[in-house]
Amino acid sequence: MASHADFDSAHDLLDLDIATLRQYVEFYPQEGLSKVLTGYLSSGISKFPLTEDAPEAPDLSEGGVALNQDVPVTQEDCLVMMTEGILQAKASPLAHCLLGDYYLSLEEYESAVETTRKGLGLAAAAAKKTDLNFQRIRDALNSTLATALIYYQTPKNHPEAKEIFLSILGRKPQFTPALIGIGLILEEEEEYAEAIDFLEKALEQDPANGRIGAEAAWCQALSGDYRVGLVRLEDYLDYPQMDASKQRGRELRAQTLYRIGVCMWEINPSPKARKDRHGAYAKFLASIKANPNFAPAYTKLGIFYEEYNKDRRRSRQCFQKAFELSPSEVFAAECLAHSFANQGEWDIVEVIAQRVVDSGKVRPTPGSKTKKAVSWPFSALGVVQMNKQEYQKSIVSFLSALRINPNDYHSYVGLGESYHNSGRYNSASRTFNYAENPTDGVVMKKTGESWFTKYMLANVNRELGEFDDAIKGYEDVLSERPREFGVAIALLQSLVEKSWRCIETGFFGEAADSACRAVGVASSISEYKSCAFNLWKAVGDACAVFTQVQEKLDRLPFTIVEKLLRVEFQADQYDAQKELDGIGSYQLNLLAANHHDDMASQLARALHASILAQKRAIVSCANDVHAQAVAWYNLGWMEYRAHVCLEQEQGDSRLTIFLRAAMKCFKRAIELEAGNAEFWNSLGVVTTTLNPKVAQHAFVRSLHLNERSVRTWTNIGTLYLLQNDSELAHLAFSRAQSTDPDYALAWVGEGIIALLYGDRNEALSHFTHAFELSDSQTLLTKRQYANSTFDYLVSAPVASNNITNLIQPLFALQQLMFQAPYDIPHKHLAALFFERIGNYKEACKGLKEVCEAVEKEYEAEESPAALCRFAMAKSDLSRNLLAVKEFADAAEEAETALDLLSEDVDADPSALSTNELNRIRLSARLTAGLSHYYLSAFEHSISYFRKCLEVDASNPDVIVVLAEVLWAKGGQEEKEVAREQLLEAVQSSPEHVGAVTLLGVIAALDGDVETMEAVRDDLAAMRTTQKQRLSAVELMGVEKLIDAIAILLGDKEEQGNEVRRSVMLAPWKSVGWQMLAGATEEVFPAIMARDLAVRSVPPGGELDAVALAKGYAGTGFVEDAVRSVITAPWRKEGWVALGEGLGGFWRV
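Definitions and cut-offs
Residues numbered from 1 in each chain as written. Predicted model: local features only at pLDDT ≥ 70, side-chain atom pairs only at ≥ 80, totals over all residues. Heavy atoms only, no water. Helix = DSSP H or I, 4+ residues; strand = E, 2+ residues; numbered from the N terminus. Expected span 1.5 Å × (residues − 1). Buried < 20%, exposed > 50% of the residue type's maximum accessible area, 1.4 Å probe, protein only. Arc of directions from axis to C-beta. Axes fitted to C-alpha atoms, helices over the stretch in contact; angles between N-to-C directions. Parallel < 35°, antiparallel > 145°, perpendicular 65-115°, else oblique. Left-handed = near helix turned anticlockwise from the far one by under 90°. Contact = heavy atoms within 4.5 Å. Nonpolar A, V, L, I, M, F, W, Y, C, P; charged D, E, K, R; others polar. Salt bridge = Lys/Arg side-chain N within 4 Å of Asp/Glu carboxyl O. Core = buried A, V, L, I, M, F, W, Y, C linked by side-chain atoms within 4.5 Å. Phe/Tyr/Trp six-rings, centres within 6.5 Å; stacked < 30°, edge-to-face > 60°. Lys NZ or Arg CZ within 6 Å of the ring centre and 35° of its normal. Patch = residues over 30% accessible without salt bridge, like charges linked within 9 Å, V, L, I, M, F, W, Y side chains within 5 Å. Areas by Shrake-Rupley, 256 points an atom, 1.4 Å probe, with all protein chains shown as cover.

Going by the annotation in an unreviewed UniProt entry, the name recorded for the protein chain is TPR-like protein, with Lindgomyces ingoldianus given as the source organism.

Participant: Lay out helix α4 (residues 75-88) with the relevant residues and their values.
Facilitator: Its 14 residues place the ends of α4 20 Å apart at the C-alpha level, agreeing with the 20 Å of an ideal helix rising 1.5 Å per residue. Residues Gln75, Cys78, Met82, Gly85 and Ile86 constitute the buried set of α4. Relative to the axis of α4, the buried residues are bounded by an arc of 100° and lie together on one face. Turned more than 90 degrees away from the buried face of α4, the exposed residues are Glu76 and Leu87.

Participant: Account for the packing of helix α11 (residues 210-222) against helix α12 (residues 226-236), with residues named and values stated.
Facilitator: At a closest axis distance of 7 Å, the pairing of α11 and α12 adopts a crossing angle of 165°. On the basis of the axis angle, α11 is roughly antiparallel to α12. Judged by the sense of rotation from one axis to the other, the crossing of α11 with α12 is left-handed. When α11 is examined against α12, the residues Gly210, Gly213, Ala214, Ala216, Ala217, Trp218, Gln220 and Ala221 are found in contact with a partner set consisting of Tyr226, Val228, Gly229, Arg232, Leu233 and Tyr236. Tallied by class, the residues present in the contact of α11 with α12 amount to nine nonpolar, four polar and one charged.

Participant: Would you mind going over the pattern of salt bridges in detail, with residue names and values included?
Facilitator: A full pass over the atoms with the stated rule returns 31 salt bridges. Between Asp311 and Arg314 there is a salt bridge, with the nearest N and O atoms lying 3.6 Å from each other. Take Arg314: its relative accessible area is 34%, and that puts it in the partly exposed class. The salt bridge partner of Asp541 is Lys537, with a shortest N-O separation of 2.8 Å. Separated by four residues within a single helix, Asp541 and Lys537 lie in helix α28 (residues 533-548), roughly one turn from each other. Classification of Asp541 by relative accessible area gives buried; the value is 17%. Lys537 sits in the partly exposed class, given a relative accessible area of 27%. If you follow the salt bridges from partner to partner, you end up with Arg1090, Asp1091, Asp1120 and Arg1123 in one network.

Participant: Explain the nonpolar core to me, using residue names and the numbers behind them.
Facilitator: In terms of nonpolar packing, the biggest core is built from 122 residues, with Tyr455, Tyr474, Leu492, Leu535, Leu565, Leu683 and Val686 touching the most fellow members. If one sorts the elements of this core by residue count, helix α33 (residues 625-648) sits on top with eleven residues. Excluding residues within four positions of it along the chain, Leu683 makes contact with Met663, Phe666, Lys667, Ile670 and Ala698. Core analysis: the next-biggest nonpolar cluster, separate from the first, contains 112 residues, Leu98, Ala112, Leu149 and Ile212 among them.

Participant: Account for the packing of aromatic side chains, naming residues and giving values.
Facilitator: Tallied over the entire structure, the rule returns 27 aromatic pairs. A centroid spacing of 5.4 Å and a plane angle of 70° characterise the contact between Tyr258 and Phe294, whose relative ring orientation is edge-to-face. In this pair, Tyr258 sits in helix α13 (residues 247-267) while Phe294 sits in the loop between α15 (280-290) and α16 (295-308), placing the two residues 36 residues apart along the sequence. A single burial state applies to Tyr258 and to Phe294, both of which are buried. Measuring from centroid to centroid gives 6.1 Å for Trp451 and Phe452, while their planes differ by 85°, and the two rings are edge-to-face. Trp451 gets classed as buried once you look at its relative accessible area, which sits at 15%. The structure contains a cluster of three or more aromatic residues connected by ring pairs, namely Tyr258, Trp265, Phe284, Phe294 and Tyr308. If you follow Lys201 out to its NZ or CZ, it ends over the ring of Phe198, 5.3 Å from the centre. Between Lys529 and the ring centre of Phe485, over which it is positioned, the NZ or CZ distance is 4.3 Å.

Participant: Report on unusual backbone geometry, specifying residues and quantitative values.
Facilitator: Residue Glu568 is not a glycine yet carries a positive backbone phi of 50°. With respect to the helices and strands, Glu568 occurs in the loop between α29 (558-565) and α30 (578-581). Here Glu568 falls in the exposed class, since its relative accessible area comes to 65%. Notably, Lys885 is not glycine yet its phi reads approximately 65°, a positive angle. Structurally, the position occupied by Lys885 is in the loop between α45 (864-883) and α46 (887-900).

Participant: Would you mind going over the side chain of Ser418 in detail, with residue names and values included?
Facilitator: With respect to the helices, strands and loops of the structure, Ser418 is situated in helix α22 (residues 409-421). Setting aside residues no more than four positions away along its own chain, Ser418 makes contact with Met386, Tyr391, Ser394, Ile395 and Phe398.

Participant: Let's hear about a nonpolar patch on the surface: which residues, and what values?
Facilitator: On the surface, Val1118, Val1122, Ile1126 and Leu1142 cluster together into a nonpolar patch covering about 370 Å² of accessible area. Secondary-structure assignment places Ile1126 in helix α59 (residues 1118-1127).

Written out as structure tokens, the structure reads:
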């Protein structure tokens, strides 16, 4: 587009008498209007100079100096003089008109608009005051305003500019500036045909005006007719308006030469034509010679040198010159930015991109139909800010780029990477997924490979814990780039991290599978890069996974690990650090051996492999001090893990080889990086038992570096606890809890302190909370929770009837067995929990394994303590065998337990206490007695029961069992003895439900009315006074026995009263209502029994499926009978009720 300066100035439009203006300046030099006129006429804008003796105004465009010292010497001086004058001539429309036109020539469009609007206001005020029209000056002001509006906030102000021009044309149809202005607007809007019409009309008014003709010819070229445009532009080069001796002429000539070059460039786009130095290249060069400050010509020359002459140095110089002259040369700036980015000069890229953004050329004004926004400056700024780790700024920049260009693939990648680096992983995931698979029909502009996006998306999924998606993403990238080391290492680390996450969440089998895959990936990486620190760290971590899931140790590929450790590394090189822990080439050779001694067991070999891998990691980062510190730290933890698994957990506290090795490793790490709080904390952990003073110093140092470390506070609390300082331990654990209330081990510490103070309920509360908070990796929380729960169940027998109290500790123990199968005491405890939930077969299986383990221990040690553990396991096994009706085996195991517990055991202080031994013997004798009873060996059975009574004659449970056996034998003498024993038991323990009910049953069978009445009274009192202590089963037994006694006594009215009394005592329980329904055969009690049964099932109560089925079956409704069958299909009550409801007969 032509510049506004190429056409008539305001002075030309006003057609003022130059002589009059000169006289005014001469007579009134200090007036404001005179200063404005002086500056204007001296600036070169007007065709007339300030003085007559000067043929024209001096050319001040390039800082020239005027010979007349009374006039301004530079354009800046002209502007200063005019602004001073306008302050004095605030009410002069002419001054504002001239200043506005000068602003227009300087391309200060905003100032031009403001000044001309003020001038129009002054002209309107003067017209109103004088009743004169002032149409000429108003037209000049409007023409300047409309021309400025063409360029100011384009195309926002185009309608206003066009309206102004049309209003002028309405009065003056041949007003040349208006025709030109509309033509320029249409040219800006790329309406070239209409623009040509208006420009041609203007040209008809002034055929000798080469400026108008050149603009019309350029519009023809832009409309696609480059040949006609070229011919016309060449013709206008000889017009006087393009006289190179004048400033305006030079500018117009440079522009016209540039446009001629563009026409030649576009007419023949072949490389040969464009390489011709006599063609377009010559015109661009001539344009620069005519006006060295014409920026577009430099841009075209830069393209010529870059694409066709292959001279990058000159092309960069041209682009740089173009961009220096005008920030509007966006293409030149883009080429410069690419050039400097390829050289890594990001600071220069930032300067270029920021200047383009500040120029306002990157975004078109809202409403523009033609100009396209440019997004690359924002993208470049985003990349620079990302390199500077200013991720919030880079996010803003990439978002700005995407608002301009929504299908810019690489901006989406940069935005996603910025989100990832700033920790906004969900946003990063959405960004990368959209970049790969747009959901709204957008077609992404992809240039080059897209594997990096998949890689970054996999990284995001890895950070989010979506390891399966991350692993799949890495594998997809590796299928395209098989030996991309960074991606392969990321895959390896993801597999290892997934293994540890699976351990934390309890998926131990999946953890082992992932660790095996990690070993395979590491083996493939070692084929082309075996000296990477992260490779060997990951191998060590993968082997360490199996030490946490020891049940899966047989799945560790020792052969692959052994080959991997030998890759580009001699076996004897591992002996360089053998003095640290004794692990070197010998252990390496044992990894894949077919026969192994004790030192080469699976657990030991896994630990040795992990330690060797960590040692290899130390060697691989010899030149990196920070990595060395981390490598020694990792080795230290593996040494400590070996100490825990091979020394501490095996019960041999004298062995501290690995513990001392861990201490040396942590010391070495601290020497390399003394400011790391984790290193000091680790040193404190390993020295807790070796040297408590050193441990305390290490913990205090760690807290000095990071006082908010919950692990360190918990560890120092454990140190105080081991030193019997409960108060300091409590303070440390409390500080840990306040720092992180979700850290489980701090709650375990508080629970142990509660145990030391004898508060078992408080301890159980702490252990339960710790278990709920902890992950599946921590063994201590499982052990303490299971132990404390079992102690509580033993002390509160009623709690054992609620199976929900048994499920969680049983799950904890089952996980513990996967992680530490060598833990025999807790395997024994798990069997006891299985026994309490009624899974006797699983309990027998576990107890047999326990018996085998403790028998080996006893054979090795032959200590009384081992003997007692063996006998206890045998006794518990016999009891569970009795439960599964393997009576012969149960009797044999019980008798074995009794044989093991000889009198010599009682005298040994290292064995169990006398009370504990007596309980074991009592359990074994009762089991043996019952086993012989079910084997019909009554004599043997009775002898065992009598022995129980001799040892513990006051135990009502033993008396009840003995009475049942004696009564079952059937002899009169035995029955009499059973009756006497029960009477004594009831007298000594009147609240024992079993003794009272058994006595009532025997009295009912004998027809002993007096005893039945006494038992009924006792049971009625027990039903009211002890109903909170009785379980649901015991309470139902009491109710049924009272009803049976009432029936046997022949008092039907009393029987009904007893049933109603049961309902009144517990109206919220379905048992009484069921009995009332059976006694009265009424519908209402049956419905109440059904509704209460439905409400009493878990979680609302403890009613089981059988009781619920009975409640449904009692109503007599077919739909309830169907529900009864569905609830408990193995019970006959539902089927009978269904048959009766259907009107048929049902035989069971």
